[in-house]
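Secondary and tertiary structure notes
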Amino acid sequence: MTPRTSTPGRAPAAATGFLVGGAAGFLLTEAVAVLVGLALGEPLDVGGGGPLRAVLVAAVLLCALAGALVGLRRAGRPGPRPEGGR
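Residues numbered from 1 in each chain as written. Predicted model: local features only at pLDDT ≥ 70, side-chain atom pairs only at ≥ 80, totals over all residues. Heavy atoms only, no water.

Side note on the overall build of the protein
Counting its secondary structure elements, the protein contains two helices and zero strands. In the protein, buried positions account for 15% of the 86 residues. Long-range pairs, those at least 24 residues apart, make up 74% of the contacts in the protein between residues at least 6 apart in sequence. In the form shown here, the protein has an accessible surface area of approximately 6700 Å², with 69% of it arising from carbon and sulfur atoms. (Helix = DSSP H or I, 4+ residues; strand = E, 2+ residues; numbered from the N terminus. Buried < 20%, exposed > 50% of the residue type's maximum accessible area, 1.4 Å probe, protein only. Contact = heavy atoms within 4.5 Å. Areas by Shrake-Rupley, 256 points an atom, 1.4 Å probe, with all protein chains shown as cover.)

A short note on the UniProt feature "transmembrane region" (unreviewed entry) in the protein
In the numbering used here, UniProt assigns the "transmembrane region" (unreviewed entry) feature to residues 12-40 and 52-72. End-to-end, the C-alpha atoms of residues 12-40 are 42 Å apart, and along that stretch the chain is 100% helix and 0% strand. Taken end to end, residues 52-72 comprises 100% helix and 0% strand; its first and last C-alpha atoms sit 30 Å apart. (UniProt positions renumbered as here; feature names shortened; annotations may be inferred.)

Description of helix H1 (residues 10-40)
In this model H1 runs 44 Å from its N-terminal to its C-terminal C-alpha over 31 residues, within 8% of the 45 Å that 1.5 Å per residue would give. By the burial criterion, the buried members of H1 are Arg 10, Ala 13, Ala 14, Gly 17, Gly 21, Gly 22, Gly 25, Thr 29 and Gly 37. The elements touched by buried residues of H1 are helix H2 (51-76). A positive backbone phi angle near 85 degrees is found at Gly 41, which sits one or two residues after H1. (Expected span 1.5 Å × (residues − 1).)

Describing H2
With 26 residues, H2 should cover 38 Å at 1.5 Å per step; its first-to-last C-alpha distance of 37 Å lies within 8% of that length. Among the residues making up H2, those that are buried are Ala 64, Gly 67, Ala 68 and Gly 71. On its buried face, H2 sits against H1.

What about the packing of H1 against H2?
H2 packs onto H1 with a crossing angle of 145 degrees between their chain directions and a minimal axis gap of 6 Å. Taken as a pair, H1 and H2 cross one another with a handedness that is right-handed. Contact residues: Arg 10, Ala 13, Ala 14, Gly 17, Phe 18, Gly 21, Gly 22, Gly 25, Phe 26, Leu 28 and Thr 29 in H1; Leu 56, Ala 59, Val 60, Cys 63, Ala 64, Leu 65, Gly 67, Ala 68, Gly 71, Leu 72, Ala 75 and Gly 76 in H2. In the contact of H1 with H2, the residues fall into 14 nonpolar, eight polar and one charged. (Axes fitted to C-alpha atoms, helices over the stretch in contact; angles between N-to-C directions. Left-handed = near helix turned anticlockwise from the far one by under 90°. Nonpolar A, V, L, I, M, F, W, Y, C, P; charged D, E, K, R; others polar.)

Digging into the side chain of Thr 29
Secondary-structure assignment places Thr 29 in helix H1. Polar side-chain contacts of Thr 29 include one of 2.8 Å to the backbone oxygen of Phe 26. Residues within four places of Thr 29 in sequence aside, it is in contact with Leu 56, Ala 59 and Val 60. (Polar contact = N/O pair within 3.5 Å; in protein donor to acceptor, adjacent residues only side chain to side chain.)

Here you go:
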């Protein structure tokens, strides 16, 4: 029995998913920051560090890891079937 990690193309799929997930997480945090800034009337200040910065970094990392997992799952699936096949 061959381990699942030997499927060709899984590492590039995971890396691509990691990058896409990280970009999506960055956009998500920026959108939340803009919406909160509009609601409060002033921009969020994360320059001093603290828990807000940790939450934003954790959100980007979690989205990146989720993207890597999705990439791994999609790489393990069989490709499209030839036309006329079932």
